[in-house]
Amino acid sequence: MGFFERLKQSLAKTRNSLAEKVESLLKFSTKIDEETLEELEEILITADIGVDATEKLISRLREKVKAEKIKSPEELKEALKNEIIKVFPEPKFDIIPPSVILIVGVNGVGKTTTIGKLAFKFKSEGKKVILAAADTFRAAATEQLSIWGQRVGVDVIKHQEGSDPASVLFDAIQAGKARRADIIICDTAGRLHTRKNLMEELKKLYRVSEKEYPEARISSLLVLDATTGQNAIAQARIFKEAVNISGIILTKLDGTAKGGVAVAIASELNLPVLFVGVGEGVDDLQEFDPKAFVDAIF
């Protein structure tokens, strides 16, 4: 199955909650008036696009309807699709070796699995990857990452449970330099209930990367679970305050009707969505394409 077909399949629930309602509204609209736009606004909000993002979209649509004299439902739908595509910031994420990538996010969003899939993707592109098991607080996190390392054939640097995450990353950087690795991907803890400590820990990991590997490009990618809808935006805000987030990885798109949250994240936080998880397979982490995403929904 090609990427677009897999994306389309994974967005089936979102399509039901968003596109089908839009289609239904427009099918019975004889003219494009304020009432049509208000009903469209309601559909977008309930599809987890969020109040702020929806208000911006409807405001731009209103202007477009006037300026371009849009009269047919089909023209309005095309205008809506184009406005949604424009919401997504241009991804500026190039892997230029050497790179250190910190993977951040709360527990349960699929960080460790995402790291395994990223390692598989980069290795498939011919890059040498090392994983750093710096989530030393969650029981079995290191073991889980080690299993992924074996599965995709990359080295994992680990310490015993409860040790200092920064020392794990320090050792991974030394190993990366010695083994001429292109990319070091670092797993991190996600304990939001101890928010202050967690954020300080992330800042420390960033400092260690800068100090020990000044020639490396350092990125922080935030993993969010699409099934949590608007909660994902609240999480993104917290992490954005602590570290410089380079972009978003949105997981579990295939299990939710809340895929519209990708639009809300991009609009409200001005963060690019870089990758999306569209299934359980090792190759089911795909680079995000705004146009393909919108086409798959509609």
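See the structure above.
First, a word on scope: everything that follows refers to the structure included in this document. (Residues numbered from 1 in each chain as written. Predicted model: local features only at pLDDT ≥ 70, side-chain atom pairs only at ≥ 80, totals over all residues. Heavy atoms only, no water.)

The subject of this paragraph is unusual backbone geometry. Of note, the bond from P97 into P98 is cis; its omega dihedral lies within 30 degrees of zero at -5°. Within the fold, P98 resides in the loop between α6 (73-87) and β1 (99-104). Here the phi dihedral of D48 falls at roughly 70°; this positive angle occurs in a residue that is not glycine. Among the secondary structure elements, D48 is positioned in helix α4 (residues 34-49). Looking at D48, the relative accessible area reads 13%, which means it is buried. A positive phi angle is found at K252, which is not glycine, with a value near 60°. If you trace the backbone, K252 turns up in the loop between β6 (247-251) and α12 (261-269). Judged by relative accessible area, K252 falls into the partly exposed class, the value being 32%. (Helix = DSSP H or I, 4+ residues; strand = E, 2+ residues; numbered from the N terminus. Buried < 20%, exposed > 50% of the residue type's maximum accessible area, 1.4 Å probe, protein only.)

Let's shift gears to the sheet that holds strand β7 (residues 273-277). One open sheet accounts for eight strands, arranged β3-β2-β4-β1-β5-β6-β7-β8; its pairing is mixed. Strands with a single pairing partner mark the edges of an open sheet, and in this sheet they are β3 (155-157) and β8 (285-287). Across this sheet, the average inter-strand angle for adjacent strands is 25°, counted without regard to direction. As paired strands, β7 and β8 are joined by three bridges and run antiparallel to one another. Of the residues in β8, the one forming a bridge with V276 is Q286. Along the sheet face, helix α7 (residues 111-124) touches β1, β2 (129-133), β4 (183-187), β5 (217-225), β6, β7 and β8 and points at about 170° away from the line of β4. Across the sheet, helix α9 (residues 165-178) touches β1, β2, β3 and β4, and the angle it forms with β2 is around 165°. (Pairing = 2+ DSSP bridges. Axes fitted to C-alpha atoms, helices over the stretch in contact; angles between N-to-C directions. Contact = heavy atoms within 4.5 Å.)

By the element assignment, H159 lies in the loop between β3 and α9. In this structure the C-alpha to C-alpha distance between H159 and D171, which are twelve residues apart in sequence, comes to 9.4 Å. If we skip the residues at most four places from it in the chain, H159 touches T142, S167, V168 and D171. At 3.4 Å, the side chain of H159 forms a polar contact with the side chain of S167. (Polar contact = N/O pair within 3.5 Å; in protein donor to acceptor, adjacent residues only side chain to side chain.)

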